[in-house]
Amino acid sequence: MKMSRVLGAAAAAVGAVAVRDLTQKKHALRRNFPVIAHARYLLEEIGPELRQYIVTGNDEERPFSRDQRRWIYASSKSENNYFGFGTDCDTEHTPGYAIIKHRTFSAVAPPAPVHHAPDVVVPSAKVLGGPRGRTKAFRPGSVVNISGMSFGSMSASAITALNRGAAMAGCLHNTGEGGLSPYHREGGDLVLQLGTAYFGCRDEHGRFDLARLTDLAASAPVRAIEIKLSQGAKPGLGGLLPAAKVTPEIAEIRGIPVGVDCASPARHTAFSDVDSMLDFVELIAAETGLPVGIKSAVGAMDFWDELVAQMAKGDRGVDFVTIDGGEGGTGAAPLIFTDSVALPLRMALSRVYGRFADAGLTDQLTFIASGKCGVPDNAVVAFALGADMVNVAREAMLSIGCIQSQRCHTDRCPTGVATQDRWLARGLDPASKSVRCANYLRALRKELLAVSEAVGVAHPGLITPDDVDILCGDYEARGLGSVYGYKDGWGSLGAALQEEITELMLTESR
Ligand SMILES: Cc1cc2nc3c(=O)[nH]c(=O)nc-3n(C[C@H](O)[C@H](O)[C@H](O)COP(=O)(O)O)c2cc1C
Ligand code: SF4
């Protein structure tokens, strides 16, 4: 009798926890996996103690280490994102470790640290589309923006959270190649991405349709157009959306028939070489007035040589290039592509930047870097190599609840981020997660500004290769520029741009 009473009380307690988990909106994992999700929180809590006896260290997990994720989670919850006791990175014995060099005195940085403000304004040092005179050229309000991730690979609630988060933090939100969905229309400014299937702006045969693109861009706060040539995690790989996944909603957004397999070719059909690509870019820019750029991973360099040669003539050109590192993310791809095709970001960016620098063209376009740039040290190195802005994808996913379970390809994402399963997606509450996304984006901006201040400059775009050393153990260090073959002055903005952004930042901080 006594026993059954105890069991009854235990069952009632578990029931109460289950009800509370199912009805709360803060934690997707608890909504989706009531009761058992608590085991994860418990493990997270006692993880550091357990790890002293078993398994991996704080910096071992990939793609994002436990420390990197902890920084993102704490930042997104506006919790204390500091770390105690000093670094646990093996800086003295890790070849390739990047060290940022602070300055003792500086003439340009503001006298009081500005990064302590609740939000900091860190606009791009360059006007997007300005050098080519696009009618809708603009200065992006944030050097940190959200990278392309389609509705389809991501859930409706995840896209909603990211878009609202982008609006709150004053960032741009890239639609990804899956078209412009209703969930992208929650107030955030957009970069509309055109993949090889031209979703949302294609005719019934799958060919690019300029009139549809113009209408689509005019129907939403689209600020720029990005032509996706390739993606670091799966460059040169076409895709197939199986018939079962082509729901009426996806079909409507993408402009394809319901319930029929839909192929994305490996290459574009609207152009076939650099010459015709630049015609395509100019056509879209003229028709929409918007800045137009390309996103690409980096492999063979003949494409870039040709692009620079054509742009050097001055009559045609892209407004921005987004360089995506081979270490970048994807919803799903073959292992050989994620692991072994396309250069990692630092090498990729430096090779492309170097081609433009040799031709004296770097001030004529904006360089955007992606590939784990949502953690501050990687972003700083990207800026030092010449990036003007960074795009973040998986780090933004982490900010809205992703736990790096790496099951995005199964449609069984436990946190409702990368799935079309309605039950799982319901666990992700866009209202609270959008705030977390915005908090994270602001925190990254703040850290970039804090590092700029330590280096003695007013803006991350003013950090140069001379400000970073690459260590080879504790016996040798080489300048970042020398490691990546940079000539004098490469990685720096032109004098006029330096003056302009310094003045802008100092005015902001007054
Ligand atoms: C779930 C998922 C979906 C993605 N979808 C796209 C896409 O539609 N278009 C694109 O250009 N890149 C896509 N990417 C790549 C990201 O935009 C980004 O370039 C890459 O993940 C590197 O950034 P990260 O290291 O900050 O994640 C996707 C990545 C993920 C994780
Ligand atoms: S499946 Fe795992 S890694 Fe992918 S989005 Fe969901 S929680 Fe993150």
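What counts as what
Residues numbered from 1 in each chain as written. Chains lettered and ligands numbered in written order. Predicted model: local features only at pLDDT ≥ 70, side-chain atom pairs only at ≥ 80, totals over all residues. UniProt positions renumbered as here; feature names shortened; annotations may be inferred. Helix = DSSP H or I, 4+ residues; strand = E, 2+ residues; numbered from the N terminus. Rg over C-alpha atoms; globule rule 2.2 N^0.38 Å. Buried ≥ 20, exposed ≤ 12 C-beta atoms within 10 Å, placed from the backbone. Contact = placed C-beta atoms within 7 Å. Near = placed C-beta within 6 Å. Nonpolar A, V, L, I, M, F, W, Y, C, P; charged D, E, K, R; others polar. Expected span 1.5 Å × (residues − 1). Pairing = 2+ DSSP bridges. Right-handed = clockwise from strand over helix to strand, strands pointing away. Domains from an automatic or database assignment. Axes fitted to C-alpha atoms, helices over the stretch in contact; angles between N-to-C directions. Parallel < 35°, antiparallel > 145°, perpendicular 65-115°, else oblique. Left-handed = near helix turned anticlockwise from the far one by under 90°.

The name given to the chain in an unreviewed UniProt entry is Glutamate synthase domain-containing protein 2, with Pseudonocardia thermophila as the source organism. According to UniProt, the comment filed for the chain under the heading Sequence similarities (unreviewed entry) is "Belongs to the glutamate synthase family."

Turning our attention to the overall build of the chain. Helix and strand counts for the chain come out as 17 helices and 13 strands. The C-alpha radius of gyration computed for the chain amounts to 23 Å, which stays within 12% of the reference 24 Å derived for 510 residues, consistent with globular compactness. With the principal axes as the frame, the chain shows a C-alpha extent of 90 × 60 × 45 Å. Classification of the 510 residues of the chain by burial places 48% in the buried group. Intrachain contacts of the chain at a sequence separation of at least 6 include 69% that bridge at least 24 residues.

In the region of ligand 2, 13 residues are neighbours, and Cys402, Ser405, Cys408, Cys413 and Ala418 sit closest. Here the shell around ligand 2 is composed, by residue class, of eight nonpolar, four polar and one charged.

This next bit is on helix α1 (residues 2-23). Compared with an ideal rise of 1.5 Å per residue, which puts 22 residues at 32 Å, α1 spans 32 Å between its outermost C-alpha atoms and is within 8% of the ideal. Burial analysis of α1 places just one of its 22 residues in the buried class, which makes it a mostly uncovered element.

Around ligand 1 sit 30 residues in total, of which Ser147, Gly176, Gly328, Gly329 and Ala393 are the nearest. The residue inventory of the shell around ligand 1, partitioned by class, reads seven nonpolar, 16 polar and seven charged.

With that settled, consider unusual backbone geometry. With an omega dihedral of -5°, the bond running from arginine 62 to proline 63 counts as a cis peptide bond. Within the fold, proline 63 resides in the loop between α3 (37-51) and α4 (66-76). Positive phi, normally seen in glycine, also occurs at tyrosine 198, with a value near 50°. Even without a glycine there, the phi angle at glutamine 404 is positive, about 55°.

Our next topic: the pairing of strand β5 (residues 222-228). Most of β5 is tucked away, with seven of its seven residues classed as buried. In terms of strand pairing, strand β4 (residues 189-194) meets β5 through five bridges, oriented parallel. Each bridged residue has a counterpart across the sheet, and for leucine 190 the counterpart in β5 is valine 222. Where the polypeptide runs from β4 across helix α6 (residues 210-218) and back to β5, its parallel neighbour, the crossover connection is right-handed. Both β5 and strand β8 (residues 292-296) contribute to a ladder of four bridges, which runs parallel. Looking at β8, one finds that isoleucine 227 is bridged to isoleucine 294.

Relative to the helices and strands, valine 292 is located in strand β8. Taking the C-beta count within 10 Å as the criterion, valine 292 has 27 such neighbours and is therefore assigned buried. C-alpha separation for the pair valine 292 and tyrosine 198, spaced 94 residues apart in sequence, amounts to 15 Å.

What follows covers the domain arrangement of the chain. Each domain of the chain was delimited in the assignment, giving domain 1 (2-83) and domain 2 (144-449). Here domain 1 and domain 2 have C-alpha centroids that lie 32 Å from each other. Taken together, the contacts link 18 residues of domain 1 with 23 residues of domain 2. For the side of domain 1 that touches domain 2, the leading source of residues is α4, giving six residues. The residue makeup of the side of domain 1 that touches domain 2, split by class, is seven nonpolar, six polar and five charged.

Further remarks concern the packing of helix α9 (residues 302-312) against helix α11 (residues 345-358). Across the interface, α9 lies against α11 with an axial gap of 10 Å and an inter-helix angle of 25°. Overall, the two elements α9 and α11 adopt an arrangement that is roughly parallel. The two elements α9 and α11 cross, and the hand of that crossing is right-handed. Across the interface between the two elements, Trp304, Asp305 and Val308 of α9 pack against Val352, Arg355 and Phe356 of α11. Of the residues in the contact of α9 with α11, the class split is four nonpolar, no polar and two charged.

For the rest of this paragraph, the subject is the sheet that holds strand β1 (residues 97-100). Strand pairing in a sheet is mediated by backbone hydrogen bonds. Such pairs are either parallel or antiparallel. Across the sheet, three strands lie side by side as β1-β12-β13; this open sheet has antiparallel pairing. Strands at the two margins of the open sheet, each flanked by one partner only, are β1 and β13 (476-479). Strand after strand, the sheet turns through a mean of 35° between neighbouring axes, direction not considered. Bridge analysis of strand β12 (residues 468-472) against β13 gives four bridges, and the strand direction is antiparallel. Among the inter-strand pairings, cysteine 472 is bridged to a residue of β13, identified as glutamate 476.

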